[in-house]
Amino acid sequence: QKEVEQNSGPLSVPEGAIASLNCTYSDRVSQSFFWYRQYSGKSPELIMSIYSNGDKEDGRFTAQLNKASQYVSLLIRDSQPSDSATYLCAVNLGTGNQFYFGTGTSLTVIP
Amino acid sequence: KAGVTQTPRYLIKTRGQQVTLSCSPISGHRSVSWYQQTPGQGLQFLFEYFSETQRNKGNFPGRFSGRQFSNSRSEMNVSTLELGDSALYLCASSGGTFPTDTQYFGPGTRLTVL
């Protein structure tokens, strides 16, 4: 079983809609969770980090964490064509500073 | 603050050769992690260095090695290159304070093995 799993997509949403990205992880002691965005040919860039159960909002982005269900999600409100990218979920496992990444969800926002 | 830098950005090597990649972290960051990214496997963790010591290691063969210098700069070496080593190699730096550590990526080195 992979440590971090994401739906690879592709996910398509119309401009202005809400995009919902999901991620599950296997290690119950994981303590920190991250969402990165990666444009084609570029390196990942950090969108958000979340450490506690519940929601965390930053502009159009909301991360949601449910440790009991081992589930973390990212909502993108008012999606823009510039949001079209691959979104990577990352988990810092409880064994130390060791990050594991999901394979990413490809998002396309249609103008 | 300058970001993470990686050199070279592109490399072409042949099977059996070895290669060394370099990474300079964000000023003040003491942790450097290396990842291999391929279309089929995604981002895979190679190893992490903190204060010149390897602190964590992923599941890669011994051909992959690294080191970190006293100024936190890090190098990664791959010996006896194989075709399957063709990938984007990413370096990420962070402060190193688990569990709230956040990694920031460099632009990557694209390695092609012929």
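Quick notes on the rules
Residues numbered from 1 in each chain as written. Chains lettered and ligands numbered in written order. Predicted model: local features only at pLDDT ≥ 70, side-chain atom pairs only at ≥ 80, totals over all residues. Heavy atoms only, no water. Helix = DSSP H or I, 4+ residues; strand = E, 2+ residues; numbered from the N terminus. Rg over C-alpha atoms; globule rule 2.2 N^0.38 Å. Buried < 20%, exposed > 50% of the residue type's maximum accessible area, 1.4 Å probe, protein only. Areas by Shrake-Rupley, 256 points an atom, 1.4 Å probe, with all protein chains shown as cover. Lys, Arg positive; Asp, Glu negative; His and termini not counted. Charge placed at Lys NZ, Arg CZ, Asp CG, Glu CD. Pairing = 2+ DSSP bridges. Axes fitted to C-alpha atoms, helices over the stretch in contact; angles between N-to-C directions. Phe/Tyr/Trp six-rings, centres within 6.5 Å; stacked < 30°, edge-to-face > 60°. Core = buried A, V, L, I, M, F, W, Y, C linked by side-chain atoms within 4.5 Å. Contact = heavy atoms within 4.5 Å.

### Structural notes on the overall build of chain A
Phase 1 of the analysis: Assigned secondary structure in chain A consists of zero helices and eleven strands.
Phase 2 of the analysis: Counting from the amino terminus, chain A carries its helices and strands in the arrangement β-β-β-β-β-β-β-β-β-β-β.
Phase 3 of the analysis: Taking 111 residues into account, the globule formula puts the C-alpha radius of gyration at 13 Å, and chain A, at 13 Å, falls close to it.
Phase 4 of the analysis: When burial is assessed residue by residue, chain A has 46% of its 111 residues classed as buried.
Phase 5 of the analysis: Surface summary for chain A: the accessible area is close to 5000 Å², and the carbon and sulfur share equals 47%.
Phase 6 of the analysis: Counting 8 positive and 10 negative side-chain charges, chain A places the averaged centre of each group 3 Å from the other.

### Examining the sheet that holds strand β1 (residues 5-7) of chain B
Residue and element names in this part refer to chain B.
Phase 1 of the analysis: Strand order in the open sheet formed by four strands is β1-β3-β8-β7, with antiparallel pairing between adjacent strands. Edge strands, defined here as strands with exactly one partner in the open sheet, are β1 and β7 (64-68). Mean inter-strand twist for the sheet, computed between neighbouring axes without regard to direction, equals 20°.
Phase 2 of the analysis: Two elements, β7 and strand β8 (residues 74-78), share five bridges in a ladder whose sense is antiparallel. The residue bridging R67 from the neighbouring strand is E75, located in β8.

### Considerations on the packing of aromatic side chains
Phase 1 of the analysis: Going through the model one piece at a time under the given rule, you end up with eleven aromatic pairs over all chains.
Phase 2 of the analysis: Aromatic side chains A:F101 and B:F105 sit 5.8 Å apart centroid to centroid with 70° between the ring planes, which places their arrangement in the edge-to-face category. With one member in each of two chains, A:F101 in strand β10 (residues 99-101) and B:F105 in strand β10 (residues 104-105) form a pair that bridges those chains. Across the pair, B:F105 and A:F101 agree in class, each one buried.

### Quick notes on the nonpolar core
Phase 1 of the analysis: Of all hydrophobic cores here, the largest spans 25 residues; its most connected members are A:W35, A:V72, A:L74, A:I76 and A:Y87.
Phase 2 of the analysis: A:L74 has contacts with A:A19, A:S20, A:L21, A:W35, A:I47, A:M48, A:F61, A:T62, A:A63 and A:Y87, leaving out every residue within four places of it along the chain.
Phase 3 of the analysis: Grouped together as the second largest cluster of nonpolar side chains are 21 residues, B:I26, B:L46, B:Y49 and B:Y89 included.

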